[in-house]
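Report on the structure
Listed here are the chains, written in short residue letters.
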Amino acid sequence: MSTVRPSHLKLVVESGPDLGEEYTFVAGDEFVIGRGQYSNIVVDDKQASRKHAMIVSDGGELLLSDLDSRNGTYVNGERVAKRTLLNQDVIEIADLRLRAVYVKRGLRAAVPRAPRPRGSRDADSNATLANLHSGPLAPGALLELIKSLQLSKLTGCLTVRAVWGRGRILFQDGRLLTASIDCFPDISSRKAVQRLLRTQMGTMQFHRCDVEAGEDRLDNDIDAIHDEDFDYEEEFVRFIQLAPSMAADVNVIESDCDEALEGTEGAILELVRKTGSPAKIIDLFPGSDTQAMKTLSDLIEQGRVGF
């Protein structure tokens, strides 16, 4: 497998919700910064143009170009049309602030580059579609991107943005490490991946960066993770026909047989006793959302759980 030369610089986000995130580059990378959903670095500010600026990695250097934006691209407070970035240069685009930081040689190995399919780029999309690791969410798109990242053995962070917030999946040499969703801090990495795979509206974007593995390590078999949750829609419809709402108070209907329940049913009954709503029970259950809702529905139909 061929390798490509890494840039001497990386970009570090110094403002906004992505504060602290890093973007690293290899030769030939073309990143578009802007408000459009296909941008590699998205600026959620109306002062930014849809295609505001572009960064090209060439010969170890990062070349910044303004794309005829309405409000301009600034480096160290000066409006620029084109600029070869230097160490500690600060880029400002609307409310986004990026700092160019020198990457010491030897700390990062050259990254294998995934092949680009022929015809994957058209002039109208500028450079945004040249990066195969970003784009809008659609049914099956995130699953295919995860498989592509595994095949390419890349290291970095895959960010999913949707109306409910943001989720992340970390990769190291193509292996799934951990996953999280900002608005569901208590759920497991496996459950986070499954919920992200069900998301069909929003954007996904991968960027190379150094990552650290957490304690909640993922199984690398993405098909198995996906298949566990395959019947989610069917079980969700069944559950909402039985429950007043996901926020309703749920209680155990005590029975002499309860103590004999083990496995999934016993675990769900224990969570029902500890917490008051189906939504919280599903969050805390270590298995899939599908398994949790199926078991809750079974217990409701058996008369062991009620509202």
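Let me begin by describing the structure that accompanies this report.

Rules of the game
Residues numbered from 1 in each chain as written. Predicted model: local features only at pLDDT ≥ 70, side-chain atom pairs only at ≥ 80, totals over all residues. Heavy atoms only, no water. Helix = DSSP H or I, 4+ residues; strand = E, 2+ residues; numbered from the N terminus. Polar contact = N/O pair within 3.5 Å; in protein donor to acceptor, adjacent residues only side chain to side chain. Salt bridge = Lys/Arg side-chain N within 4 Å of Asp/Glu carboxyl O. Buried < 20%, exposed > 50% of the residue type's maximum accessible area, 1.4 Å probe, protein only. Pairing = 2+ DSSP bridges. Expected span 1.5 Å × (residues − 1). Contact = heavy atoms within 4.5 Å. Axes fitted to C-alpha atoms, helices over the stretch in contact; angles between N-to-C directions. Parallel < 35°, antiparallel > 145°, perpendicular 65-115°, else oblique. Nonpolar A, V, L, I, M, F, W, Y, C, P; charged D, E, K, R; others polar.

Moving on: the environment of Ser69. For Ser69, the location among the structural elements is in the loop between strand S6 (61–66) and strand S7 (73–75). At 3.2 Å, the side chain of Ser69 and the side chain of His52 are in polar contact. Engagement of the side chain of Ser69 in a polar contact is seen with the side chain of Asp66, the distance being 2.6 Å.

Bringing the pattern of salt bridges into the picture now. Evaluated as defined, the whole model comprises 20 salt bridges. Here Asp182 and Arg166 are joined by a salt bridge, their closest N and O atoms 3.3 Å apart. You can see Asp182 sitting in the loop between strand S15 (175–181) and helix H2 (189–198) and its partner Arg166 sitting in strand S14 (residues 165–172), a full 16 residues away along the chain. Among the salt bridges present, the one from Asp289 reaches Lys191, with a minimum N-O distance of 3.0 Å. Residue Asp289 is found in helix H7 (residues 289–301), and its partner Lys191 is found in helix H2; the two are separated by 98 residues along the sequence. We note that Asp289, like Lys191, is buried. Taken together, the shared-partner salt bridges connect Lys191, Arg195, Arg198, Asp229, Asp283 and Asp289 into one network.

With that out of the way, let us pick up the pairing of strand S13 (residues 156–162). Most of S13 is tucked away, with 7 of its 7 residues classed as buried. The antiparallel pairing of S13 with S14 creates a hairpin that spans 2 residues between the two strands. Direction of pairing for S13 relative to strand S16 (residues 203–208): antiparallel, over a ladder of 6 bridges. In the strand pairing of S16, Cys157 is matched with His207.

The strand order across the open sheet formed by 5 strands is S4-S3-S5-S6-S9, and the pairing between neighbours is mixed. The open sheet is flanked by strand S4 (41–42) and strand S9 (82–84), the only strands paired with a single partner. Across 3 bridges, S6 lies against S9 in antiparallel orientation. Bridge pairing in S9 places Leu64 opposite Arg83.

Attention shifts here to helix H5 (residues 263–274). In this model H5 runs 17 Å from its N-terminal to its C-terminal C-alpha over 12 residues, within 8% of the 16 Å that 1.5 Å per residue would give. Among the structural elements, strand S17 (251–252), helix H6 (278–284), H7 and strand S18 (305–306) are those in contact with the buried residues of H5.

Turning to the packing of H5 against H7, a few remarks are in order. The N-to-C vectors of H5 and H7 enclose an angle of 80°; their axes lie 10 Å apart at closest approach. Between H5 and H7, the angle falls in the class roughly perpendicular. Of the residues in H7, those in contact with Thr264, Glu265, Ile268, Leu269 and Val272 of H5 are Gln291, Ala292, Thr295, Leu296 and Leu299. Among the residues making up the contact of H5 with H7, the classes are represented as 6 nonpolar, 3 polar and 1 charged.

In this section: the pairing of S15. Of all 7 residues that make up S15, 5 are buried, and the element is covered over most of its length. One ladder, built from 5 bridges, connects S14 with S15; its direction is antiparallel. Bridge pairing links Phe171 to Leu176 in S15. Between S14 and S15, which follow one another and run antiparallel, lie 2 residues, and Asp173 among them has a positive phi close to 55°.

Before going further, it helps to spend a moment on the sheet that holds strand S8 (residues 78–80). An order of S2-S1-S11-S10-S7-S8 is seen for the 6 strands of this open sheet, with the pairing classed as antiparallel. Where the open sheet ends on each side, the last strands, each with one partner, are strand S2 (22–23) and S8. Note: S7 against S8, 3 bridges, orientation antiparallel. Counted as the bridge partner of Tyr74 is Arg79 from S8.

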